[in-house]
Amino acid sequence: MKATISDVARLAGVSTATVSHTINSTRYVSGETKEKVYQAIRQLGYTPDASARSFRTGKKKTIGFIVPDISNKFFGTIIESAENYLSAQGYHLIIANTKESMDREETNLRLLTAGLVDGLLVASTMDDFARLDGLIPAGFPVVLVDRTFESQKYSSVSVSNFQPIYRSVCRLAAQGKRRIGVIGGLRRLSTTQERIAACRTAMADCGLPQDEDLILYGDSMEDSAPPCLERLLERGCDAILVCQGLMASVTIAYLRGKGIRPREDLELVSFVDYDTRAYEFYYDQVDRIVQPVEELGRVAGEQILLRVEKPDAPVVERVLTSEYRPCGGEEV
């Protein structure tokens, strides 16, 4: 038969309440007593009844994370970092993948807020805050991750890329580049809007021509990069800025397939959504904008637990900053 909490208490020589407080960290228990309890747990192979604990405490010790593309290493790294933090605090993480579909996001929001989780991390693909807001029960703990809205009703954790992009465009202008092509992600996303705004501002300040035909948009998936690259090359671009990390390696492969050498034939600036040794192959060819992805995931985990433990805590907007790294380690 499965061991019970009473069996643990009997073997450890303590009360069932002490076993419960030890497992759930709900009251101070001395180190010596904790050791007796955990030794009894190991000896009996006891596992706490999660459903009973949820009924008593009103918490499932589970957080949901709605992401737009689980195959994207950027979101994979955020998930791993958030899960590491939450696991250390005794929480589990449930992942829901929307594939950049607003309808799938709506379905997942309805499902997860119907009593499955204590709180939600959301990297939303919605184009309308009202639609998102209308799906979240009043008072339900939510933290927006990476992608935000003008309304600041919910706490958020994001990365500002404005200054790194601005600096990269100004550096290209100083090198004499006049036709700088830009590839953005989905138009509706706050991340895309900020990055394109940074490009436009830098071009204006540097006296570059404002040619809207040189600003194209993909769908945030890697296979949308080649059609944009083809059009930009046809329009005579002497530099290209790729504002989405998933498109980075595809862009390099496409240019090489065309016999175009980054830095020698064309200046290239690309987002690196996670700093990995795989990018070392072209560090000396590409200006990089590196996002603090692991920190983003950790802070998201911190913020959602704050909302779960203190639902009335003030709304917090945490903004991290990416890093601009010119190729060859040159000074800007």
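Refer to the structure presented above.
Cut-off values and rules
Residues numbered from 1 in each chain as written. Predicted model: local features only at pLDDT ≥ 70, side-chain atom pairs only at ≥ 80, totals over all residues. Heavy atoms only, no water. Helix = DSSP H or I, 4+ residues; strand = E, 2+ residues; numbered from the N terminus. Buried < 20%, exposed > 50% of the residue type's maximum accessible area, 1.4 Å probe, protein only. Contact = heavy atoms within 4.5 Å. Areas by Shrake-Rupley, 256 points an atom, 1.4 Å probe, with all protein chains shown as cover. Lys, Arg positive; Asp, Glu negative; His and termini not counted. Charge placed at Lys NZ, Arg CZ, Asp CG, Glu CD. Phe/Tyr/Trp six-rings, centres within 6.5 Å; stacked < 30°, edge-to-face > 60°. Arc of directions from axis to C-beta. Core = buried A, V, L, I, M, F, W, Y, C linked by side-chain atoms within 4.5 Å. Polar contact = N/O pair within 3.5 Å; in protein donor to acceptor, adjacent residues only side chain to side chain. Pairing = 2+ DSSP bridges. Axes fitted to C-alpha atoms, helices over the stretch in contact; angles between N-to-C directions. Expected span 1.5 Å × (residues − 1).

Asks: Help me out: how do you make sense of the overall build of the chain in this one?
Replies: Counting its secondary structure elements, the chain contains 12 helices and 12 strands. Burial status across the chain gives 50% buried among its 332 residues. Across the chain, every contact between residues at least 6 apart in sequence was considered, and the portion connecting residues at least 24 apart equals 68%. Looking at the chain as shown, the accessible area adds up to about 15,800 Å², and 48% of this sits on carbon and sulfur atoms. When the 40 positive and 45 negative side-chain charges of the chain are each reduced to one mean point, those points stand 6 Å apart.

Asks: What should I look at first to understand the packing of aromatic side chains in this one?
Replies: Two numbers describe a pair of aromatic rings. These are the distance of the centres and the angle of the planes. A full pass over the atoms with the stated rule returns four aromatic pairs. These aromatic residues form a ring-pair network of at least three members: Phe129, Phe149 and Tyr154.

Asks: How do you make sense of helix H6 (residues 102-112) when you look at a structure like this?
Replies: Within an α-helix, residues lying three or four positions from one another point in the same direction, as the helix has 3.6 residues per turn. Residues Met102, Glu105, Glu106, Asn108, Leu109 and Leu112 constitute the buried set of H6. Axial view of H6: buried residues confined to an arc of 170°, hence all on one face. Set apart from the buried face of H6 by more than 90 degrees, the exposed residues are Asp103 and Thr107. On the buried face of H6, the contacting elements are strand S1 (62-67), strand S2 (92-97), strand S3 (119-122) and helix H7 (129-133).

Asks: Teacher, can you tell me more about the nonpolar core here?
Replies: Where a protein is soluble and globular, its nonpolar side chains tend to be buried together. Residues Ile63, Phe65, Ile78, Leu121 and Leu296 are the most contacted members of the largest nonpolar core, which totals 25 residues. At the level of secondary structure, the elements contributing two or more residues to this core comprise S1, helix H5 (73-88), strand S4 (142-145), strand S5 (155-160) and helix H12 (293-309). No other element matches the seven residues that H12 contributes to this core. Counting residues in each nonpolar core, the second largest holds 20 residues, with Cys199, Ala202, Val269 and Ile289 among its members.

Asks: Please explain the side chain of Ser124 as it appears in this structure.
Replies: Note on placement: Ser124 falls in the loop between S3 and H7. Of the polar contacts made by the side chain of Ser124, one reaches the backbone nitrogen of Met126; its length is 3.0 Å. Contact partners of Ser124, with chain neighbours within four places excluded, come to Glu105, Leu132, Arg147, Phe149 and Leu189.

Asks: Could you clarify how one ought to interpret the sheet that holds S4 in this entry?
Replies: Within a sheet, adjacent strands bond to each other through the backbone by hydrogen bonds, running parallel or antiparallel. Sheet architecture is open: six strands sit in the order S2-S1-S3-S4-S5-S11, paired in parallel fashion. The open sheet has two free edges, formed respectively by S2 and strand S11 (317-321), since each of these has just one partner strand. Between one strand and the next, the sheet's axes are offset by a mean angle of 20°, whatever the strand orientation.

Asks: Can you help me understand helix H3 (residues 31-44) in this one?
Replies: In a regular helix each residue adds 1.5 Å, so 14 residues correspond to 20 Å; H3 covers 20 Å between its end C-alpha atoms and thus fits that length. What H3 keeps buried is the set Val37, Ala40 and Ile41. Down the axis of H3, the buried set is contained in an arc of 100°. They therefore lie on one face. Facing away from the buried side of H3 by over 90 degrees, the exposed positions are Gly31, Glu32, Arg42 and Gln43.

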